[in-house]
Structures are given as structure tokens and as C-alpha cells.
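Spelled out from the first residue to the last, the chains are:
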Amino acid sequence: MCPLNSYKRPVWLVAFLLLSPSYPGLSSQQAVASENEPILRDEIYQIAQEFYSEEKLGQFRISYTSIIQQLRLRINPAMSPIAAIQSINDYIFGELDMAYEKSQDNIDNALVPSVLIKKQGNCIGIATLYLMIAEDLGLSLHGVAAPNHFFSRFMTEDGPINIELADDGNIHPDSDYVERYKIPGDLIGTVYLRALSKRETLGYVRANLGVAFYKRGDLNKPIAFFEASLKETGDQPETYSNLG
């Protein structure tokens, strides 16, 4: 039997264990799955395994661990929601220099591992990263959908705060989205502009991947992604339309 100190875990494995839901070193703020809600980080990682090599996923784990460690030094429970959002924005859009890319035909723009490594993503890709970070920091953020758009929302005692990730995380009122995307009144708060569950957010990730494959000319994979998406959301008009 090898001596206990003769085996040194590679850096990427240490990073992965630090983020494991069952690993106690993640601290009391670690994300916890419930009966109805998964850990977003783990679900996104599982989806990404279908597309990326272990080497690339290892790079992601190291980068993501570093982000959480850095932000935990900057954000504390006494901070106001606005201050916490600003700290995350300063890191993601300032220090990381994350760039918004509107295009939906690139799978890399929608999946967090590539978004973080390339520092570029579309609305669903950056929003998912933002939501994962908030989850691991113990902040109450949710995904929110508008027609062909996605952003995040901080739920506070004083009301919701919309975080527009196509605008470096700046705060936008609901009225901006209603006007820009021409959202009918009967769909506000029902289909659009409501705080989504984690499972619903995952549904939008899968729908975005379906769109990306379709725009690349693949006519088979999109159907599987669209159908999986509707199982988690059930009320995406765009996805129903894409399925014909």
C-alpha cells in the first residue's frame, strides 16, 4: 500500500473536489440540491461533458474555483444587494473582461465552460455563469426570460433587481424589456419576466443549444434538445415554434 502522502492530487482534481456538493471544504455557503431543485453548477457540468474534453473541463474547474474564492473575499452578508451585484460585475466584466456575443449559432457561447475560458458568451451563457456564481455565494438570483432573450434577477426584500448581462450587468427595469421585446400584457409574469426555477433555467439552456445546432444545419439534435427543454419549462413559445 502506498504511503498516504505519496499521492498528490493534480490541481484540476483539487479544484473539482472543492466544488463537489458532498465535499465539506466548500464552506457553509455551498449550493445544496433540494427535492425539486438541482445544483445548477452540477447540471451544467453534466451537459458540458457531452461537448468538451476532460482537459477543457479541467481548465474550467480551475477557473471557476478561482472566481468563487476571489468573490468570497469581496462579498459579505452585510453588503447591500446593489453592492454585491457591483462586486460580481466588476470581477466578471472588469477583471475577466467578459464580452457579450449576441449570436446564437455557436454552442460555445451558450455553455459555461467555454464562456469562462474564452471570456465570451451570449445571454444564456453569461447568465448561467452568473447564476452559478450566485448559487455558490448563497445569493438569491434567478434566470428570467424575455422573447429570444435571457437575463438574471436578484430577489430582495425591497423587490426584484434585473441584471442585464448584455449590458455589463447594469440594472434594467421590467419596462425596458416590455418595450424592447413588445411583450403582451397577458404574458408578463406568466411566460415572460418572471423568476424561473433552476430546472426552468436549464430548459432554456437546452433550448439555446437546440437553436445553435439548427443554425449549424443539424436537423436531428435540435429536436432532442427542444423536447428536453419543454419537459423542464413547458411554456416556451419560441421552442414550440421551433418544433413546428
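The structure presented is a predicted model; accordingly, all values stated were derived computationally and were not measured.

**With respect to the pattern of salt bridges**
Counted under the stated rule, the structure contains 8 salt bridges. We note a salt bridge from Asp-108 to Lys-118, for which the minimum N-O separation is 2.8 Å. Highlighted residues: Asp-108 in the loop between β1 (99-100) and α5 (112-118) and Lys-118 in helix α5, separated in sequence by 10 residues. Taking the relative accessible area as the measure of exposure, Asp-108 reaches 16% and is therefore buried. A salt bridge links Glu-200 to Arg-194; the shortest N-O distance between them is 2.7 Å. Looking at Glu-200, the relative accessible area reads 12%, which means it is buried. According to the relative accessible area criterion, Arg-194 is buried, its value standing at 19%. In the salt-bridge network here, residues are joined through shared partners; they are Arg-41, Asp-42 and Asp-136.

**A look at unusual backbone geometry**
Negative phi values dominate among residues other than glycine, just as trans dominates among peptide bonds. Of note in the backbone geometry, Asn-148 takes a positive phi value of approximately 55° without being a glycine. As for its placement among the helices and strands, Asn-148 is situated in the loop between β3 (141-146) and β4 (149-156). What makes Asn-148 exposed here is its relative accessible area of 57%. Within the chain, Leu-193 stands out as a residue other than glycine whose phi angle is a positive 60°.

**A few points about the pairing of strand β5 (residues 159-164)**
Two strands pair when backbone bridges link them, and β4 and β5 are joined in this way by 5 bridges, in the antiparallel orientation. Bridging across to β5, Ser-152 finds its partner in Ile-163. The hairpin turn running from β4 into β5, its antiparallel successor, is 2 residues long. Direction of pairing for β5 relative to strand β6 (residues 170-171): antiparallel, over a ladder of 2 bridges. Residue Ile-163 lies in a different strand from β6, and its bridge partner there is Ile-171.

**Quick look at the side chain of His-172**
Tracing the backbone through its elements, the reader meets His-172 in the loop between β6 and α7 (174-181). Dropping the residues within four chain positions of it, His-172 is found in contact with Asn-162, Glu-164, Asp-167, Tyr-177 and Arg-180.

**What about the packing of helix α2 (residues 40-48) against helix α6 (residues 123-137)?**
The interhelical angle for the contact between α2 and α6, taken along N-to-C directions, is 140°, at an axis separation of 9 Å. Relative to α6, the element α2 is oriented oblique. Seen from α2, the contacting residues are Leu-40, Arg-41 and Ile-44; seen from α6, they are Thr-128, Leu-131, Met-132, Glu-135 and Asp-136. Here the contact of α2 with α6 is built from residues that sort into 4 nonpolar, 1 polar and 3 charged.

**Notes on the packing of aromatic side chains**
The final tally for this structure, using the stated rule, is 4 aromatic pairs. Seen from their ring centres, Phe-151 and Tyr-177 are 4.1 Å apart, and the 5° between their planes marks the pair as stacked. Of the two residues, Phe-151 is situated in strand β4 and Tyr-177 in helix α7; the sequence distance between them amounts to 26 residues. Ring centres of Tyr-177 and Tyr-181 lie 6.5 Å apart, and the angle between their planes is 10°; this geometry places the pair in the stacked category. Taken as a pair, Tyr-177 and Tyr-181 lie in helix α7 at a separation of 4 residues, close to a single helical turn. Taken together, Phe-151, Tyr-177 and Tyr-181 form an aromatic cluster joined through their ring pairs.

**Regarding the environment of Lys-118**
In this structure Lys-118 comes out as partly exposed when scored by relative accessible area, which is 47%. As for Lys-118 and Asp-108, which are separated by 10 residues in sequence, their C-alpha atoms are 8.6 Å apart. Residues within four places of Lys-118 in sequence aside, it is in contact with Lys-56 and Asp-108.

**Observations regarding the confidence of the model for the chain**
Of the residues in the chain, 73% reach a pLDDT of 70 or more, and the chain-wide mean stands at 80. For the stretch residues 1-30, pLDDT sits under 50, and the model shows 44 contacts to residues farther than four places along the chain or on other chains.

**Remarks on the sheet that holds β4**
If you trace the 4 strands from one edge of the open sheet to the other, you get β3-β4-β5-β6, paired in antiparallel fashion. The sheet is open, and its two edges are formed by β3 and β6, each paired on a single side. Helix-sheet contacts for helix α4 (residues 81-95) involve β4, β5 and β6, and the interaxial angle to β5 is about 15°.

About the criteria used
- Here the residue numbers are simple positions, counted from 1 along each chain's written sequence.
- Confidence filtering applies because this is a predicted model: local features only for residues at pLDDT of at least 70, side-chain atom pairs given and counted only at 80 or more, and all residues used for totals across whole chains, interfaces and linings.
- Side-chain metrics rest on all non-hydrogen atoms present in the structure, leaving aside hydrogens and water.
- In what follows, salt bridge is the name for a side-chain nitrogen of Lys or Arg lying within 4 Å of a carboxyl oxygen of Asp or Glu.
- Think of it this way: any DSSP run of H or I at least four residues long counts as a helix, any run of E at least two long counts as a strand, and we number them from the N terminus.
- Only protein chains enter the accessibility calculation, which uses a 1.4 Å probe; a residue whose area is less than 20% of its type maximum is buried, one above 50% is exposed, and one in between is partly exposed.
- What makes two strands pair is DSSP finding at least two bridges between them.
- Throughout, a residue-residue contact means that at least one pair of heavy atoms, one from each residue, lies within 4.5 Å.
- To define axes, lines are fitted to C-alpha atoms, for helices over the stretch in contact only, and angles between the resulting N-to-C directions are given on a 0 to 180 degree scale.
- Working definition: roughly parallel below 35 degrees, roughly antiparallel above 145 degrees, roughly perpendicular at 65 to 115 degrees, and oblique for all remaining angles.
- When residue character is reported, Ala, Val, Leu, Ile, Met, Phe, Trp, Tyr, Cys and Pro are called nonpolar, Asp, Glu, Lys and Arg charged, and the others, Gly included, polar.
- Pairing of aromatic side chains here covers Phe, Tyr and the six-membered ring of Trp, requires ring centres within 6.5 Å, and sorts the geometry by plane angle: under 30 degrees stacked, over 60 edge-to-face, intermediate tilted.
- You can read pLDDT as the predictor saying how much it trusts each residue, on a scale of 0 to 100.

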